[in-house]
Amino acid sequence: MSLITPDFGLLFWMVVIFGLVFFILAKFGFPIITNAVQKRSDHIADSLKAADEAQARLAGMAEEQARMIEETRLEQSRILKEASEVRAGIIAQAREEAQQEAAKLLEHAKVEIAAERESAIRDIRRQVAMISVEVAEKIVRKDLGEDGGQLALIDRLVDEASQAQIPN
Amino acid sequence: MRKLMLIWLLLLPVLLPARAAEVPGETGDEVQSVAEEEAQGLDMNEYLFGHISDAYEWHITTINEHEIVIPLPCIVIENGVHVFTLHHAAENGYTLNENGKLVNAQTGKRPIDISITKNVLGLMIDSILLVVLILLCARWYRKHDVLKEKPTGLAALLEPVIVMIEQDVIKDAVGPEYKRFSPYLLTAFFFILINNLMGIFPVFPGGANITGNIAVTGVLALFTFLMVNLFGDKHYWKDILWPDVPIFLKAIPIMPVIEIMGMFTKPFSLMIRLFANMLAGHIMLLSVIALIFLSAALGPVLNGSLTVIAALFGIFLDCLELLVAFLQAYVFTMLSAVFIGLAHQKPAHETN
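Since this is a predicted model, take the numbers as computed values, not measurements.

Enquirer: Would you mind going over the overall build of chain A with me for this structure?
Expert: Of regular secondary structure, chain A possesses two helices and zero strands. At 63 Å, chain A has a C-alpha radius of gyration far larger than the 15 Å of a compact globule built from 168 residues. Residue burial in chain A is summarised as follows: out of 168 residues, 8% are buried.

Here you go:
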């Protein structure tokens, strides 16, 4: 049967044609396609992995963020507490200093007032003395004109003087 | 309405030949040729073998006894190279023997015959088509960045098939070294597929029974045989020549003999499987179509109804052949991949 006896010519051409097709496709056809497809599937796999990693990192970052917010809040309350303490301290100190200053001023004022009064008294006394002297002069000048008067005056002056010396 | 159409459609072929018989002058070539066949009687043997065998010219059809034939060059090597067409064979001292092969007219011996026959031309056309398709596809990948664009056109059509064959068949069957063998296996797959499909296509560029020819499948099996045995590793050869069996099976080399026979039966089965499947498909289709011409003598009603049945069955068989065309290419590729994989398998006790 010619059906199952391979014909030499066809065998020969089949080897040539299939060999040629195989050579061309194996060199310029399939490797290019399969490599490109491989490249793309690798790329997709890599991208998926990267996306997973990014998501994990994102979750980590959210956690970190929450932690940082919590920390910040604690820090804030700590700072606020410290600030209020410092403020209270400053106020207290300022008050104390003010009191001290006031006391010092008061003290100083007292001393000064005392000194002023002293000097004023001294001044008044000096003026009184001068006025007295003037008055005395005037009186003396008038009274010395009369006879009896001179003696009386001297007496009175002496009295006065002696009386005036007692309170001092 | 639909049912009415269906009934009408079913009746149409029954009525048509009857009408044709009434007015023979007005009918088309189809009916005319039917009438001719009827007159001559259908030579079933010639009809079948004419379609499935190789030939020195490509007979397309016969219209009004006028044959439409593509003449092909006969190339014969016997005391030098002789090139002629079948028409001029006698002038060159050659004639056809009872098997339809060129022989020397005087001695009756077969010369070395490397004629471009129908199957060779079919192979050339299909191969050019395949190479163009695959290279166009490869060109798309060369010109475009696969990371930025999705394949379009031909690349989009071929890529899923290539990926399926490579990832699901070759990679699984061959194992980690599959990259070395995938160009061969993919070439084999697409080569068989395109020849199978073109074999189903009934007119000129197709219609040649290429993969249903034992020489073609034999060469394909030979390539697989070479791929398996040239690249087999030392475990493969050890399993063949000195397998892990009791010593008495090796001392008288029973197992090695069986294994060496196995080396040849595997590609042999590939050859026969593809050849027989494609040949059977062609014969089935041709037989079903022949029913139309054979029943012409039985009268218009029987002929008409059988025509309907034959046409419907032909459609069914054509669909089946589409499946078989793919399936046989797939099976050939898968088994080749399995055989290559077996030649690269580490023994079980070493892998564990």
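Enquirer: Would you mind going over the overall build of chain B with me for this structure?
Expert: Of regular secondary structure, chain B possesses 12 helices and seven strands. Counting over 352 residues, chain B shows a buried share of 31%. Restricting to contacts in chain B with at least 6 residues of sequence separation, those with at least 24 account for 64%.

Enquirer: In this structure, what is going on with the environment of V338(B)? I would like to understand it.
Expert: Residue and element names in this part refer to chain B. Within the fold, V338 resides in helix α11 (residues 300–342). Under the C-beta neighbour-count criterion, V338 is labelled partly exposed, with 16 such atoms within 10 Å. As for V338 and I128, which are separated by 210 residues in sequence, their C-alpha atoms are 28 Å apart.

Enquirer: Looking at this structure, I do not really get the domain arrangement of chain B. What am I missing?
Expert: Interface size is often expressed as the accessible area that is lost when the parts come together. As far as domains go, chain B holds domain 1 (73–115) and domain 2 (118–347). If you average the C-alpha positions of domain 1 of chain B and of domain 2 of chain B, the two centres end up 32 Å apart.

Enquirer: I would appreciate a short explanation of unusual backbone geometry in the present structure.
Expert: Residues apart from glycine generally show negative phi values, whereas peptide bonds are mostly found in trans. Residues and elements named next belong to chain B. The phi dihedral of E65 is positive, around 65 degrees, even though this residue is not glycine. Relative to the assigned elements, E65 resides in the loop between β1 (57–63) and β2 (66–71). You can call E65 exposed: it has 7 C-beta atoms within 10 Å. Look at N79: it is not a glycine, yet its phi comes out positive at around 55 degrees. Tracing the backbone through its elements, the reader meets N79 in the loop between β3 (73–77) and β4 (81–85).

Enquirer: What am I meant to see in the packing of helix α4 (residues 118–143) of chain B against helix α5 (residues 153–174) of chain B here?
Expert: Packed helices, taken two at a time, are described by the angle their axes make and the gap between the axes. Residue and element names in this part refer to chain B. Closest axis-to-axis distance for the α4/α5 pair is 9 Å, and the angle between their directions is 105 degrees. Relative to α5, the element α4 lies roughly perpendicular. When α4 is examined against α5, the residues L133, L136, C137, W140 and Y141 are found in contact with a partner set consisting of L154, A155 and L158. Of the residues assigned to the contact of α4 with α5, the class counts are eight nonpolar, no polar and no charged.

Enquirer: Just checking my understanding: could you explain the nonpolar core for this structure?
Expert: The biggest cluster of nonpolar side chains holds 74 residues, and the ones touching the most others in it are I170(B), F189(B), I192(B) and L220(B). When residues of this core are traced back to their parent elements, those giving at least two are α1 (8–143) of chain A together with β3, α4, α5, α6 (178–200), α7 (214–230), α10 (254–294) and α11 of chain B. In terms of residue count, α6(B) provides more of this core than any other element does, 13 residues in total. No fewer than three residues from each of domain 1 (73–115) and domain 2 (118–347) of chain B sit in this core.

Enquirer: Would you explain the packing of α7(B) against α10(B) in this entry?
Expert: Residues and elements named next belong to chain B. Relative orientation of the contacting elements α7 and α10 amounts to 150 degrees, with a least axis distance of 8 Å. The handedness of the crossing between α7 and α10 comes out as right-handed. Contacts between α7 and α10 involve I214, T217, G218, A221, L222, T224, F225 and N229 on the former and, on the latter, M263, P267, F268, L270, M271, L274 and F275. Its residues placed into classes, the contact of α7 with α10 shows 11 nonpolar, four polar and no charged.

Enquirer: Explain the pairing of β4(B) to me, please; I cannot follow it from the model alone.
Expert: Each regular strand carries side chains that alternate between the two faces of the sheet. Residue and element names in this part refer to chain B. Direction of pairing for β3 relative to β4: antiparallel, over a ladder of five bridges. Bridge pairing in β4 places I77 opposite V81. Counted along the chain from β3 to the antiparallel partner β4, the turn is three residues long, and its residue N79 has a positive phi close to 55 degrees.

Enquirer: Whenever I open this one, the confidence of the model for chain B confuses me. Can you help?
Expert: Regions with low pLDDT carry predicted coordinates that are not meant to be interpreted in detail. All names here are of chain B. Taken as a whole, chain B shows an average pLDDT of 84; of its residues, 86% reach a score of 70 or greater. Contacts from residues 14–32, a stretch scored under 50 in pLDDT, to residues over four places away or in other chains number 13 contacts. Across the predicted assembly, pTM comes out at 0.73 and ipTM at 0.83.

Enquirer: Explanation requested: the pairing of β3(B) in the structure shown.
Expert: Note that β3(B) and strand β7 (residues 112–113) of chain B share two bridges and pair antiparallel. Among the inter-strand pairings, V76(B) is bridged to a residue of β7(B), identified as D113(B).

Enquirer: Help me understand the interface of chain A and chain B in this model?
Expert: Contacts between chain A and chain B engage 31 residues on the former and 41 residues on the latter. Residue composition of the side of chain A that touches chain B, by class: 23 nonpolar, five polar and three charged.

Enquirer: Hey, could you run me through the sheet that holds β3(B) in this one?
Expert: Note: strands within a sheet are paired through backbone hydrogen bonds, in either parallel or antiparallel orientation. Taken together, three strands build an open sheet; the order of strands is β4-β3-β7 (chain B) and the sheet is antiparallel. Lying at the two open borders of the sheet, with one neighbouring strand each, are β4 and β7 of chain B.

Enquirer: Help me out: how do you make sense of α7(B) in this one?
Expert: Side chains three or four residues apart in an α-helix point the same way, a direct result of the helix having 3.6 residues per turn. Taking 1.5 Å of rise per residue, the 17 residues of α7(B) would be expected to cover 24 Å, and the 23 Å separating its terminal C-alpha atoms lies within 8% of that figure. In terms of burial, α7(B) is largely enclosed, as 13 of its 17 residues are buried.

What counts, and at which threshold
- Residues numbered from 1 in each chain as written.
- Chains lettered and ligands numbered in written order.
- Predicted model: local features only at pLDDT ≥ 70, side-chain atom pairs only at ≥ 80, totals over all residues.
- Helix = DSSP H or I, 4+ residues; strand = E, 2+ residues; numbered from the N terminus.
- Rg over C-alpha atoms; globule rule 2.2 N^0.38 Å.
- Buried ≥ 20, exposed ≤ 12 C-beta atoms within 10 Å, placed from the backbone.
- Contact = placed C-beta atoms within 7 Å.
- Domains from an automatic or database assignment.
- Axes fitted to C-alpha atoms, helices over the stretch in contact; angles between N-to-C directions.
- Parallel < 35°, antiparallel > 145°, perpendicular 65-115°, else oblique.
- Nonpolar A, V, L, I, M, F, W, Y, C, P; charged D, E, K, R; others polar.
- Core = buried A, V, L, I, M, F, W, Y, C linked by C-beta atoms within 7 Å.
- Left-handed = near helix turned anticlockwise from the far one by under 90°.
- Pairing = 2+ DSSP bridges.
- pLDDT = per-residue confidence, 0-100.
- Expected span 1.5 Å × (residues − 1).

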